[in-house]
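# Commentary on secondary and tertiary structure
Spelled out from the first residue to the last, the chains are:
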Amino acid sequence: NVRGLLSHDGGKTLQTMLAVIRELGYTPLEPQVLKAIHHRVPQKRERLILAAFRNDIAEHVDFEWPIPDGRIFTVGDALKRGDLFPTDVPKSGGQSYQESKREVMDLVPPGGYWRDLPDQMQRDYMLKSYFLGGGKTGMARRMSWDEPCLTLTCSPAQKQTERCHPSETRPFTTRKYARIQTFPDDWKFCGPQGSIYRQIGNAVPVNLAERLGLSIVAEMNRIESAQGAKAFRK
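Quick summary incoming for the structure in this document. Quantities reported herein were computed from a predicted structural model and do not represent experimental measurements.

Across all of its chains, the model carries 0 disulfides by this definition. Cys149 takes part in no disulfide bond, and the closest cysteine sulfur to it belongs to Cys164, at a distance of 11 Å. Here Cys149 falls in the buried class, since its relative accessible area comes to 0%.

Below you can see the structure in the form of structure tokens.
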């Protein structure tokens, strides 16, 4: 889930979830926030992970969370041929900007946002938000080839969380969205375009999920091996 679950309702929501897990016969580990960029995902996405083991094996658990990878991948790594993918990103459909929005985003440099616009255009685009505090760095935001993408949402063109292509004045296409979430190119999404964006934006990044799954499998294999050795000694 999102990192905010840790503090939602003063932490009561998370504690209720953990209590339900215990009632179902599982012993939860201490919740962990994993950063996707440390696990071969070209995206600054953080997710709270809950892992639990059945009570009958919990005392044998010595679980190790996935070890962070030393390399940080970028938007360029996601969309171009390289160490993450063997080919450039395939073509696909995607959202586009209205002409008024395009005129604004044309003036935003890679890695920039609304503060990089001329002052009058800032005022026109931000309206009352222009006078409020906070950076609002997601507004009129263009991604950079040389940095990880910001967290993808269910729509690439929401005003508060803009995700404009680094060199094209348009939102990311659905296939580019999928690449940033590290879905393989042969993974098929069903439904209309808006639904596909939601499916991708709500997903756990594939490479992060794989790392977590492998850690759980390794722990289960270790427990099974240890239990088998004990039975043999008896």
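A few words now on the pattern of salt bridges. Across all of its chains, the model carries 11 salt bridges by this definition. Among the salt bridges present, the one from Arg211 reaches Asp69, with a minimum N-O distance of 3.2 Å. Of this pair, Arg211 sits in helix α8 (residues 206–233) while Asp69 is found in the loop between α2 (55–58) and α3 (75–79), placing the two residues 142 residues apart along the sequence. Its relative accessible area of 22% is what places Arg211 among the partly exposed residues. By relative accessible area, which is 23% here, Asp69 ends up partly exposed. For Arg123, the salt bridge goes to Asp119, with nearest N and O atoms at 2.8 Å. One end of the pair is Arg123 and the other is Asp119, both in helix α5 (residues 119–126) and 4 residues apart, which spans about a single turn. Residue Arg123 is classed as partly exposed on the basis of its relative accessible area, which comes to 33%. Under the relative-accessibility criterion, Asp119 is labelled partly exposed at 38%. Several salt bridges share partner residues, and in doing so they unite Arg3, Lys35 and Glu46 into one network.

Secondary-structure assignment places Lys176 in helix α6 (residues 174–180). With near-sequence residues (within four places) excluded, Lys176 lies in contact with Leu79, Val89, His165 and Glu168.

What counts, and where the lines are drawn
As a convention, each chain's residues are numbered from 1 in the sequence order in which they are written. It should be noted that, the model being predicted, local features are given only for residues of pLDDT at least 70 and side-chain atom pairs only at 80 or more, the latter also being counted only at that level, while totals for whole chains, interfaces and linings use all residues. Based on all heavy atoms of the structure, the side-chain values leave hydrogens and waters out of the count. Here, the term disulfide refers to a pair of cysteine sulfur atoms separated by no more than 2.5 Å. Think of it in three bands: with a 1.4 Å probe and only protein chains considered, a residue is buried below 20% of the maximum accessible area for its type, exposed above 50%, and partly exposed in between. Salt bridges are identified by distance alone: a Lys or Arg side-chain nitrogen within 4 Å of an Asp or Glu carboxyl oxygen. Strands are runs of DSSP state E lasting at least 2 residues, helices are runs of H or I lasting at least 4, and numbering of each runs from the N terminus. In what follows, residue pairs with any heavy atoms lying within 4.5 Å of each other are defined as contacts.

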